[in-house]
Amino acid sequence: MPWKGIRDPYRIWLSEIILQQTRVDQGEKYYLNILKHYPNIQALAKADEAAVFRLWQGLGYYSRCRNLLATAKMIVEEFEGRFPENYQDILKLKGIGPYTAAAISSFAFNLPYAVVDGNVIRVLSRYFGHFQEADTTTGKRFFAELAQECLDPKHAGLYNQAIMDLGATVCKPALPNCPECPFKKTCFAYQQQKIKELPVPKKRAAVIERDLHFVVLENKSHLLIKRRSGRDIWQNLYAFPQRDDDVLMANKLNPSKKQAPDLILEQTLTHRKIKGHFYRIPVTRKPQALIDSDHLWVPISELSHFAFPRLIISFFQKLNYL
Ligand code: SF4
């Protein structure tokens, strides 16, 4: 992992934000690519937002990218371009919760804050034999306090890295390598044969399904795309106008007669399943009334210049547009 052992808070922050909802093997190339374009916080604060979104494309959970940009600007404007060096100030930054604040504080500044993630909870619950559910308010507080008690305050960064590594490489979820574990003699779960029961599994949240109906206006080799604004998913990314958009109604371009979509694609997120219905409509001219700051006619050959959510990229790939 290219961020392992580094002390630069900018790099640690970037890696932690990427890893919030992305696996290490997938996130690594994004981390390196963003660093190549924006090697420090000043460069990121000055970045063209659309360009950063394009680099982020494919990672999903785009609010992380928006927060990254907002935080870079805030650090430059309010902290003279230097990453804050105390836990409370770090915790105030956008997109940074207690886990990320503890990781940055301990790895970059060796401050005594224990990280608590899934790996840490697994090690602690097995080693001490605690059967609390970790995703309740009480459970979270319990494991946060226990982790803090166990922390070696003089070597906070090293300790945090060690317990996370133990969880990731030895005390693994399904098949922990207990015979090789340095704690096997005093580990409750190993000694009492309770490994399968610990940690207590999370209750699964229900998956919410959502249907989005996209109208794909096609004029020869151009498509009408729309930047998503408002508070809905995929904010600031491009997609297509949706079937009930006012602008389509006003231009009589709503495919109300076209009942069946040409293509249906699905994307599953952690707690949501998005079903995209795509209605392709060829038009002989490009109605200029459709052009405003959010709507654009773009040549198919230039689609790669814009950032799209994964579902829309899949649509382009099905049509061999990307
Ligand atoms: S002995 Fe096994 S269960 Fe206990 S901490 Fe080590 S790897 Fe985890």
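Quick caveat: nothing in here was measured; it's all calculated off a predicted structure.

(A) Quick peek at the overall build of the chain. Broken down by element type, the chain carries 13 helices and six strands. Taken across its 322 residues, the chain has 44% of its residues classed as buried. Nonlocal contacts in the chain, meaning residues at least 24 apart in sequence, comprise 64% of its contacts between residues at least 6 apart. Here the chain has roughly 17400 Å² of accessible surface; of this, 52% comes from carbon and sulfur atoms. Within the chain, one finds 45 positive and 32 negative side-chain charges whose respective centroids are separated by 5 Å.

(B) Inspection of the packing of helix H4 (residues 49–56) against helix H5 (residues 63–78) at higher detail. Relative to each other, H4 and H5 sit at 135°, their axes nearing to 10 Å. Taken together, the axes of H4 and H5 are oblique relative to one another. H4 and H5 meet at a crossing whose hand is right-handed. Here Glu49, Val52, Phe53 and Trp56 of H4 come into contact with H5, specifically with Arg64, Cys65, Arg66, Leu68, Leu69 and Lys73.

(C) View of the nonpolar core. Core analysis: the biggest nonpolar cluster contains 85 residues, and Trp13 and Phe240 have the highest contact counts within it. Once residues within four sequence positions are removed from consideration, Phe240 is found in contact with Phe214, Val215, Val216, Leu223, Leu224, Ile225, Lys226, Phe278, Ile312, Phe315 and Phe316. Among the nonpolar cores identified, the runner-up in size contains eight residues, and Val215, Leu224, Leu248 and Trp297 belong to it.

(D) Fine view of the domain arrangement of the chain. Taken domain by domain, the chain consists of domain 1 (9–109), domain 2 (118–197) and domain 3 (208–318). Here the C-alpha centre of domain 2 lies 27 Å away from the C-alpha centre of domain 1. On the domain 2 side, the residues contacting the four residues of domain 1 number five residues. When domain 1 packs against domain 2, close to 330 Å² is buried across both sides, 66% of that on carbon and sulfur atoms. Counting the surface domain 1 buries against domain 2, the share from its top three residues, Tyr99, Ser106 and Phe107, is 95%. Our enumeration of links across domain 1 and domain 2 arrives at zero salt bridges.

Definitions and cut-offs
Residue positions are given per chain, counting from 1 as you read along its sequence in written order. Confidence filtering applies because this is a predicted model: local features only for residues at pLDDT of at least 70, side-chain atom pairs given and counted only at 80 or more, and all residues used for totals across whole chains, interfaces and linings. Note that water and hydrogens are dropped before the side-chain values are worked out from all heavy atoms of the structure. Here a strand is any run of E in DSSP of at least two residues, a helix any run of H or I of at least four, and the numbering for each starts at the N terminus. Burial status follows relative accessibility: with a 1.4 Å probe on protein chains alone, a residue under 20% of its type maximum counts as buried, one over 50% as exposed, and anything between as partly exposed. By definition in these notes, contact holds between two residues if any of their heavy atoms fall within 4.5 Å. Shrake-Rupley sampling with a 1.4 Å probe provides the accessible areas, and residues are treated as covered by the protein chains on show and by no other component. Charge convention: Lys and Arg are scored as positive, Asp and Glu as negative, and His as well as the terminal groups of each chain are ignored. Taken as the charge centre is NZ of Lys, CZ of Arg, CG of Asp or CD of Glu, depending on the residue. The convention used is that axes are lines fitted to C-alpha atoms, helices contributing only their stretch in contact, and that angles between N-to-C directions extend from 0 to 180 degrees. Here the angle decides the label: under 35 degrees means roughly parallel, over 145 means roughly antiparallel, 65 to 115 means roughly perpendicular, and every other value means oblique. For any helix crossing, the convention is left-handed if the near helix is rotated counterclockwise from the far helix by under a right angle, and right-handed if that rotation is clockwise. In plain words, nonpolar cores are sets of buried Ala, Val, Leu, Ile, Met, Phe, Trp, Tyr and Cys residues tied together by side-chain atoms within 4.5 Å. These domain boundaries are the output of an automatic or database domain assignment. When two parts are brought into contact, each loses some accessible area as probed by a 1.4 Å sphere; the total of that loss over both is the buried area. Counted as salt bridges are all cases of a side-chain nitrogen of Lys or Arg within 4 Å of a carboxyl oxygen of Asp or Glu.

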